[in-house]
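An overview of the molecular structure
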Amino acid sequence: MTLLLFTVLALIALVGAVGVVMSRNAVYSALFLLVNFATIAVMYFMLSAQFLGVVQVIIYAGAIVVLFLFVIMLIGGQIGPVTVGGRRYARLLALVLGAAFLLLVVLGLGAALPPGEAPLGAPQAGSVQAVGQELYTTYLIPFELASILLLVGMLGGVVLARRYRELGKD
Amino acid sequence: MNALTTVRLLLPELILLITGFVVVGVDLLRRRNDEGRSAAFIAVVGLLLAALAALALGLSGTAEIAAFTMAVDAYALFFKAATAIGIALVVIASVGYMAGRSRYLGEYYALLVFAALAISLAVSATNLVLVYLGIEFLSITSYVLAGYLREDKRSEEAAVKYFLYGATAGAVMLYGISLLYGATGSVDLVAVDQALQASGSSWLLGIVAIILLLVGFGFKASLVPFHQWAPDTYDGAPTPITAFLSTASKAAGFAVAGRVLITALPDFIDAWTALLAVLSMLTMSVGNLIALRQTSVKRMLAYSSIAHAGYILLGLAAIGVQEPFNGVNGLLIYIFAYLFTNVGAFMVVQAIEQHSGSNDLQAFAGLIKRSPGLALMMTLFLLSLAGIPPTAGFIGKFYVFAATVQQNLLVLAAVAVINAVIAAAYYLNVVRYMFFIETEEEKPVAIKPSLNAVLLINTVMVLVIGIVAQPFIAWASESVNMVIAAGF
Amino acid sequence: MVPTAYVLVLSAVLFTIGAVGVLVRRNALIIFMCVEMMLNAVNLSLVALSNQWGNLTGQIFVFIVMAVAAVEVAIGLAIVMAIVRHKDTTNVDEINLLKW
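Residues numbered from 1 in each chain as written. Chains lettered and ligands numbered in written order. Predicted model: local features only at pLDDT ≥ 70, side-chain atom pairs only at ≥ 80, totals over all residues.

Further remarks concern the overall build of chain B. Helix and strand counts for chain B come out as 20 helices and 0 strands. Taking 488 residues into account, the globule formula puts the C-alpha radius of gyration at 23 Å, and chain B, at 21 Å, falls close to it. Each principal axis of the C-alpha atoms in chain B carries an extent, and together these give about 70 × 55 × 40 Å. Buried positions account for 66% of the 488 residues belonging to chain B. Within chain B, contacts between residues separated by at least 24 positions form 79% of all contacts whose residues are at least 6 apart in sequence. (Helix = DSSP H or I, 4+ residues; strand = E, 2+ residues; numbered from the N terminus. Rg over C-alpha atoms; globule rule 2.2 N^0.38 Å. Buried ≥ 20, exposed ≤ 12 C-beta atoms within 10 Å, placed from the backbone. Contact = placed C-beta atoms within 7 Å.)

To continue, consider the overall build of chain C. Along its length, chain C carries 3 helices and 0 strands. Relative to its full complement of 100 residues, chain C shows a buried share of 74%. For chain C, long-range pairs separated by at least 24 residues make up 48% of all intrachain contacts whose partners lie at least 6 apart in sequence.

What follows is about the interface of chain A and chain C. Contacts between the two partners involve 72 residues from chain A, matched on the other side by 62 residues from chain C. Contributing elements (two or more residues each) for the side of chain A that touches chain C: helix 1 (2-22), helix 2 (26-46), helix 3 (50-75), helix 4 (88-112), helix 5 (128-136) and helix 6 (140-161) of chain A. A per-element tally of the side of chain A that touches chain C places helix 3 of chain A first, with 11 residues. Looking at side-chain class alone, the side of chain A that touches chain C contains 56 nonpolar, 14 polar and 2 charged residues. (Nonpolar A, V, L, I, M, F, W, Y, C, P; charged D, E, K, R; others polar.)

Helix-helix packing is characterised by the crossing angle of the two axes and by the distance between the axes. Between helix 1 of chain A and helix 1 (residues 4-24) of chain C, whose axes approach to 9 Å, the crossing angle comes to 10°. Judged by the angle between their axes, helix 1 of chain A and helix 1 of chain C are roughly parallel. Facing helix 1 of chain A, whose interface residues are Phe6, Ala10, Ala13, Leu14, Ala17, Val18, Val20 and Val21 of chain A, helix 1 of chain C presents Tyr6, Leu10, Val13, Leu14, Ile17, Gly18, Val20 and Gly21 of chain C. (Axes fitted to C-alpha atoms, helices over the stretch in contact; angles between N-to-C directions. Parallel < 35°, antiparallel > 145°, perpendicular 65-115°, else oblique.)

Between chain C and chain B, the residue contacts involve 35 residues of the former and 30 residues of the latter. Elements represented by at least two residues in the side of chain C that touches chain B include exactly helix 1, helix 2 (28-53) and helix 3 (57-87) of chain C. Looking at the side of chain C that touches chain B element by element, the count peaks at 17 residues for helix 3 of chain C. In terms of residue class, the side of chain C that touches chain B is made up of 27 nonpolar, 6 polar and 2 charged.

What follows is the structure in structure tokens.
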């Protein structure tokens, strides 16, 4: 049953991914991206990472895709129809590179796969409490650094995107 | 471990953190015509204090804090001190350059301080979570800084190229990390090594993970073939930021790559030294050959900076346990010498740029008659870049070249020497322009006092490292001993 | 239970699609979306591996990656906006003021 659900979700995620790459319109790409993110969120729940599932919906689906859509709407007509790749050989090269990469990674994964069967995921494994506990003990410094990173993002966003007036005119 | 010890060990980071906030705060209260001077002053003081704290920690003997995903060891402290000093120089040089070009000067200095914080944590990281976060933090800060001149299309273009390459490289590196996690169940560097040894690590996994990780590190350090962003970004970014990207930011890439490879993947040493040797040869050859054809000095220095990444990489490719050239100490010395040399060279370009609005070779013509001091300093920096004694660059080149010879990597050594000769040609071409080409321009180049201070510091440091090299060599060698001993 | 290997293969395929997208598309916004997709693919494999190993490290990593991605999007879109104001294009081939 879970396997069936997983297969269906995987197919949806793949369709979303291909849609992002192939769409002729940036708005469609963003919507396909949303599909991709949402299915992955469901998979997080299946993999007993409830907290991340919720965060995935809030951050990726809620904030990131919406931000993309905002920007597309803001620059609107200027985007025009988007072309897929200029030169044919470039496209071919990309596909070959992609295939080679996939081969490399699948081979690497075969070697990387941890031994033994997966332990039955305890329902509470990825709960808010468990993740929080780990985050505030072992990973305190990365966590704090991430918060400063968010501040830097804010500063950078203001500096780069604020509508500017000519220098000296104020 | 009690709280006081933690605070003591994290002192450089805490100083940087507080400085960053104070700089933003001061900028809010500043007077209209201050032009970011007070913010810059506080940033410099904070950066120098952080460097001092790192040096003091290094002298007092070090204790590790491994509990919080980082190690405060001599290796990390070396890079903390070096990059904080480098960024302080960049801040001073920015005062005259950025005033009048941007409205957000406080944020500019704050971002530079936060970049120092990111480097400081990244070089300490003993855990792949912090490695990833530190590198991405540094990258994101650098994207903003590269695109800081909103009125200048070239600066915007520099930012967008840097950003697209950087984001992709980050994702690829992350995939490599996930492979390591999958194979070992841990992201702690030491634990990864132990698990790989226990499970009789598979070659294939090792190679794939190393390649993917090297994409991320190679991007930061501008190694060929991950360098495509570098010429455009170095050329388009504000000149002080170019100096920052080509020195401190690059040093962080090498520091992190060194620690991860040595600590987590010593089992695969044959694989990664071979890979790095190839990358190193490619990087210096491509960088030097393209630099040879440039007519803009800023762009020439950009390509030469790629080539220098190749020389620095020699140190890791020729890693060994024999004294006195274990490779990694060469890497540290090279980076330290290169820091002052390259910041200096870019600052001369900045002075010329501000004077004549151009950074073409022609703008350097007859400089010896107009501003003999500037011309002599530039000559010194170029000689140091070319690795001619008695400059700092010579010491760096000597140590990495000697390591390749000691490891019997003779092909690598030969390629490096040939490259050094090619590089000397285009460096000396600039000298030729400054000394022997006539020009109608007769006005001496006006240099802002802040820029003058930076130039003087760099000149002194290039000479001091070149002539009294022993203490610096000892410092670098002691800094790497523990990391190498723990790895092998 | 879903076998971890299946999730990892899915993640590898998603990552590759994203990487191919980065290579073939010439629109800065779409390239950027593809990068986000690559990050998500890695996140998926980290969560699956976290489940497999029975520790939370992978999930913590994903949390950090999400923070980085959020900031990256904010900065990246700000840069794209700045470029559009100057040049009215998001095509990376037309962003070529600096010669190669």
